[in-house]
Amino acid sequence: MREKLDNIKNIAQRCLKCKKPLCKEYCPLHNNIPVILNYINNDQIVEAKKELLKTTNMSFICSKLCDHEKSCYGHCALRNTSDGSIAFYEVENYLSTLISESDYEKISNNKIKSKIAVIGAGVSGMNVAIELAKLGLDVTLFDKNNQIGGVITDSLPNFRFNDNVVNVLVAILKKLNVEMVFNKEFGNNLNFNYIVFATGTMLSKKIFEDNASVYDGIKLLEDGKNNIQKINNANSLVIGAGNVAMDVSRLLVRSDNKVNIVYRRNIANSPASKKEIEMAINDGVNLIELRSPKQLVFDKANKLIGLEVEITELIKDDNSTRLSFKSTGECETIPC
């Protein structure tokens, strides 16, 4: 633990104390990064933790899963130096290990007896439940599954994230008297003054008709979480290049599959984080760029043997922060 603290202090000591800290500006939660780093420099670890808790309840998760390249890390003033940006996510992760339910108290004994239902116990639902409960409100957190965490506990592979941290969040919610109700789907019989919907947006884009050889990526991750492996020792294609695609690809590799990612742009213009792409490549995933899925290819026995794709090229789109694509008119078939 002492070694980890020394490493965190070394990170903090590199902060330039910028007059306009872009790390804070580009952090989605606007964590006061320079102030937190200054506390650590002065051995005020408790104060650093308290400062972090002013803006986030989810450091356990954000420090591991946030796309730091596009936020604090990617906008640090030191990013073009030989030592690179300050890795605040490592500092945040260290501080998150010190957070427990004892850090949470109701900051107001609200006399308004409003009953609030929060539908969905993922990251958003947990966060809003904590914030409302701190204000002294009567909060009930619902989820259709049997635990909190949402995508974290339902489908995120264990090799990417240890979801045991939700145990700390459970303790915090209990400390704040949040009632947790599981295995319940939203209906019309809720007797509450207010309802907050935090049901997530995890929907796969369906591009092919149902087929025994075509799988929904999110469903595949959920099966993997339950140790159900439906694809083994196969030549597999994963369509898309977001973080879900990287997770699916890495999961398939672990079941002795040959895995190719097929993407209509190039990887530099993909939504996945650089870190996730790098880990997928290190795991043996192959990237096939500038290929747009067109149709499935079957043999005479109706067995899937390939994916026909259109070859694309990148073009500048003034309405987008990344390059768009257009078809070249050429097609090819990738075996799978």
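1. Some thoughts on the packing of aromatic side chains
- Under the definition given, this model contains three aromatic pairs.
- Measuring from centroid to centroid gives 5.8 Å for Tyr73 and Tyr89, while their planes differ by 65 degrees, and the two rings are edge-to-face. Taken together, the residues span a long stretch of sequence, with Tyr73 in the loop between helix H5 (59–65) and helix H6 (88–96) and Tyr89 in helix H6 at a distance of 16 residues.
- Judged by its relative accessible area of 21%, Tyr73 is partly exposed.
- Note on Tyr89: relative accessible area 21%, which makes it partly exposed.
- Seen from their ring centres, Phe186 and Phe197 are 5.0 Å apart, and the 80 degrees between their planes marks the pair as edge-to-face. Placement of the pair is Phe186 in the loop between strand S3 (179–181) and strand S4 (194–197) and Phe197 in strand S4, with a sequence separation of 11 residues.

2. Comments concerning the environment of Phe182
- Locating Phe182 in the fold gives a position in the loop between S3 and S4.
- Given the relative accessible area of 26%, Phe182 is considered partly exposed.
- Note: C-alpha distance between Phe182 and Ser327 (145 residues apart in sequence) is 47 Å.
- For Phe182, the contacting residues outside a window of four places in its chain are Asp143, Asn145, Asn146, Gln147 and Ile148.

3. Re the pattern of salt bridges
- All told, the structure shown has 17 salt bridges when counted by the stated rule.
- A salt bridge links Lys134 to Glu131; the shortest N-O distance between them is 3.3 Å. Separated by three residues within a single helix, Lys134 and Glu131 lie in helix H7 (residues 123–134), roughly one turn from each other.
- Here Glu131 falls in the partly exposed class, since its relative accessible area comes to 33%.
- A salt bridge links Lys225 to Asp163; its shortest N-O distance comes to 2.7 Å. In this pair, Lys225 is assigned in helix H10 (residues 217–225) and Asp163 in the loop between helix H8 (151–154) and helix H9 (166–175), connecting sequence segments 62 residues apart.

4. What about the sheet that holds strand S1 (residues 115–119)?
- What the four strands build is an open sheet, ordered S3-S2-S1-S4; its pairing is parallel. Of all strands in the sheet, those with a lone pairing partner are S3 and S4, marking the two edges. When strand polarity is set aside, the average angle formed by the axes of neighbouring strands in this sheet is 20 degrees.
- Summarising the sheet, S1 and strand S2 (residues 138–142) pair through five bridges and their orientation is parallel. Bridged to Ile119 within S2 is Phe142.
- The strands touched by H7 are S1, S2 and S4; relative to S2, the strand with the most contacts, the crossing angle is about 170 degrees.

5. Some details on the pairing of strand S8 (residues 291–298)
- By the bridge criterion, seven bridges tie S8 to strand S9 (residues 304–315) in an arrangement that is antiparallel. Counterpart to Arg291 in the pairing with S9 is Ile311.
- Between S8 and the antiparallel strand that follows it, S9, lie five residues; Asn302 among them carries a positive phi value of about 65 degrees.

6. A closer look at the nonpolar core
- Ranked by internal contacts, the top residues of the largest apolar core, which has 28 residues, are Leu141, Ile148 and Leu169.
- Counting only elements with at least two residues in this core, the list comes to H5, S1, H7, S2 and H9.
- Take this core: its biggest share by element is five residues, from H7.
- When residues no more than four places from it in sequence are discounted, the contact partners of Ile148 are Ala121, Met126, Leu141, Thr153, Val166, Leu169, Val170, Leu173, Met180 and Phe182.
- Of all hydrophobic cores here, the second largest spans 21 residues; its members include Cys15, Ile33, Leu78 and Leu95.

7. Some words on the sheet that holds S9
- With antiparallel pairing, the three strands of this open sheet are ordered in space as S8-S9-S10. Looking along the sheet, the strands with just one partner apiece sit at the ends: S8 and strand S10 (324–335). For this sheet the average axis-to-axis angle between neighbouring strands, irrespective of direction, equals 20 degrees.

8. Quick look at the side chain of Asn266
- Looking at the secondary structure, you find Asn266 in the loop between strand S6 (258–262) and helix H12 (274–282).
- A polar contact is formed between the side chain of Asn266 and the side chain of Asn269, at a distance of 2.7 Å.
- Leaving out residues up to four positions away in the same chain, Asn266 has contacts with Glu289, Leu290 and Leu314.

What counts, and where the lines are drawn
- Residues numbered from 1 in each chain as written.
- Predicted model: local features only at pLDDT ≥ 70, side-chain atom pairs only at ≥ 80, totals over all residues.
- Heavy atoms only, no water.
- Phe/Tyr/Trp six-rings, centres within 6.5 Å; stacked < 30°, edge-to-face > 60°.
- Helix = DSSP H or I, 4+ residues; strand = E, 2+ residues; numbered from the N terminus.
- Buried < 20%, exposed > 50% of the residue type's maximum accessible area, 1.4 Å probe, protein only.
- Contact = heavy atoms within 4.5 Å.
- Salt bridge = Lys/Arg side-chain N within 4 Å of Asp/Glu carboxyl O.
- Pairing = 2+ DSSP bridges.
- Axes fitted to C-alpha atoms, helices over the stretch in contact; angles between N-to-C directions.
- Core = buried A, V, L, I, M, F, W, Y, C linked by side-chain atoms within 4.5 Å.
- Polar contact = N/O pair within 3.5 Å; in protein donor to acceptor, adjacent residues only side chain to side chain.

So far we have only geometry, and geometry alone does not tell us how the molecule works.
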